[in-house]
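Structural overview for review
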Amino acid sequence: MPDVQDLLEPRGIELTATHKSLARTPAQALVLAVQRDGDAPGAAARVLLPAGEQRRLAGVVEAAEAVAAGGGADEVAVLPAPPGLPWSVVVLTGLGTPAGDPDARAEALRRAAGAAVRRLAGRDSAVLALPAGTPEEAAAVAEGAALGAFAFAHQRAATAGAVKTPLASAVVHAPEVPKAALGRALERAAALGRGVRAARTLVDLSPNVTSPEAVAEYARRAARGTKVSVRVLGGKELAEGGYGGLVGVGQGSVNGPRLVRLDYAPARASRHVAYVGKGITFDSGGLSLKPAASMMTMKSDMAGAAAVLAAVLTAAELRLPVRVTGWLCLAENLPSATATRPGDVITIRGGRTVEVLNTDAEGRLVLADGLVAACEEGPDAVVDIATLTGAQLVALGTRTAGVMGDDDLRSAVVDAARAAGEDAWPMPLPEHLRASLDSKVADLKNIGDKHGGMLVAGLFLREFAGGTGDTRIPWAHIDIAGPSFNESSPWGYTPAEGTGAGVRTLVRLLEDTAARRG
């Protein structure tokens, strides 16, 4: 695996802010927003100039009109700066149509800043003069820059030259935002950016270097010097601990499974949240072998675990007053003479048995172990996140996560996702589908009704969530099969391949929990 420090800070961008006039803020590039006046085809668009800058930037407006800058989301135009200005180029980035909802407006700014920063790869500096009049809007601009400044180059020859280095530094121009609030916004944006970029990198790395053992060791090393403690279980410890899901899924590979427990426990924490992440470092389907074309992106099947790891480390960096325990359920699902067979019965931690009828429905098996272990500690809430089902893509597409679970926590997760700028949609757990998981030889099967597969998977996980006491632990499940991996072109602040989906939602949920504590 590449050096851990490179993974922790993959080509990080330096974020600063200024209240100075643009004339006193030199950089290689000036970034301005273009707003559409409506959704109709051919709707007019206008450049949004900071107050007091209209005369100085009149030439930019003329240039924007000359190139017919449209202002749509992800529309970016790079123009030579008019003479007399302290920048080499001016970047016009689209905001789309005006958004009245604060969360939607923040996401438009985040996306516009990210799209501009991606376009500026290979340059050293930019000043982002987007319309950020509140701390929340300034934070969105900074987050967009931190998320857009990413390039995966860890497995290329140094001389290949095929990937431009991300923009090195960005100055957020926000003269109306108090300096203290602006400083906090930048600190949070930088931490979120580091977390998301690290999660992306873990997903992007090839599966021959991200075995369960390697990811566990990365987690251990990444936590050094932080307030996060790490414990790794493997081999004999998993077997003796009754972790039959992890053992059963991982027994077909020479790279044995691991269960990583991360714990950030600040002294002033009054709430405890547990996160459980699916970490299948490569998924061939096992003996229920996938078609070859379906395996090509299966290095991404550990995106849930990557999100949990990044979220716990980010919570510690931000010093959030909430205890968070992360569980990384790591295994490699391969076919061999020792692999689990269709029809085998395995015993999950806690004693319940599962008839494995499809070895390609393996993520729910490792998560079952993790959920039981997490609930044994009695947290106030438990959330699992996983690239769990192809049915999620069928139901919600490639950009929207499905959220299931107990009503209140499910709603809290969806609200956190919206505030963080990630698409998520609440989904039901219909009781009539539960009977399809009944087994004739075990407590339940690992597959059920083929219709509503995302919901059936959620119902399976519910069997292992909530604990065994009189008071049920609130539980929610996030299926990120689509949003975690972008097989198309980059857009906004989202790169191709690993996206880091879920990190911002998990961090925001902790922040919301802290705000409600007491």
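Only a predicted model underlies this, so the values are computations on that prediction, with no experimental measurement involved.

**As for the UniProt feature "active site" (unreviewed entry) in the protein**
Taking the UniProt record as the reference, the feature "active site" (unreviewed entry) is found at Lys-290 and Arg-364. For Lys-290, the location among the structural elements is in the loop between β10 (272-283) and α9 (292-295). By relative accessible area, which is 16% here, Lys-290 ends up buried. In contact with Lys-290, not counting residues within four places along its chain, are Asp-283, Ser-284, Gly-285, Met-295, Met-298 and Asp-360. Within the secondary structure, Arg-364 is located in helix α11 (residues 363-376).

**Here's the deal with the pattern of salt bridges**
On inspection of all chains with the given rule, the structure shows 33 salt bridges. A salt bridge links Glu-143 to Arg-110, with the shortest nitrogen-to-oxygen separation between them at 2.9 Å. Here the residue Glu-143 occupies a position in helix α4 (residues 135-148), and Arg-110 occupies one in helix α3 (residues 102-119), the gap between them amounting to 33 residues. A relative accessible area of 4% places Arg-110 in the buried class. Three or more residues are tied together by salt bridges with common partners; here these are Glu-107, Arg-110, Glu-143, Arg-188 and Glu-511.

**Focus: the UniProt feature "binding site: Mn(2+) 1" (unreviewed entry) in the protein**
As recorded in UniProt, the sites labelled "binding site: Mn(2+) 1" (unreviewed entry) are Asp-283, Asp-360 and Glu-362. These annotated residues cover 80 residues of sequence, and their C-alpha atoms lie no more than 8.7 Å from one another, placing them together at a single site. Here Asp-283 shows up in strand β10. Not counting residues within four places of it along the chain, the set of residues in contact with Asp-283 comprises Lys-290, Met-295, Met-298, Asp-301, Asn-333, Asp-360 and Glu-362. Reaching out from Asp-283, the side chain makes a polar contact with the backbone nitrogen of Gly-285 at a distance of 2.9 Å. Within the secondary structure, Glu-362 is located in the loop between β13 (353-356) and α11. Using a relative accessible area of 1% as the deciding quantity, one classes Glu-362 as buried.

**Quick notes on helix α5 (residues 179-204)**
Here α5 spans 37 Å end to end across 26 residues, near enough to the 38 Å set by a 1.5 Å rise per residue. Across the 26 residues that make up α5, a large majority, 20, are buried.

About the thresholds
- Residues numbered from 1 in each chain as written.
- Predicted model: local features only at pLDDT ≥ 70, side-chain atom pairs only at ≥ 80, totals over all residues.
- Heavy atoms only, no water.
- UniProt positions renumbered as here; feature names shortened; annotations may be inferred.
- Helix = DSSP H or I, 4+ residues; strand = E, 2+ residues; numbered from the N terminus.
- Buried < 20%, exposed > 50% of the residue type's maximum accessible area, 1.4 Å probe, protein only.
- Contact = heavy atoms within 4.5 Å.
- Salt bridge = Lys/Arg side-chain N within 4 Å of Asp/Glu carboxyl O.
- Polar contact = N/O pair within 3.5 Å; in protein donor to acceptor, adjacent residues only side chain to side chain.
- Expected span 1.5 Å × (residues − 1).

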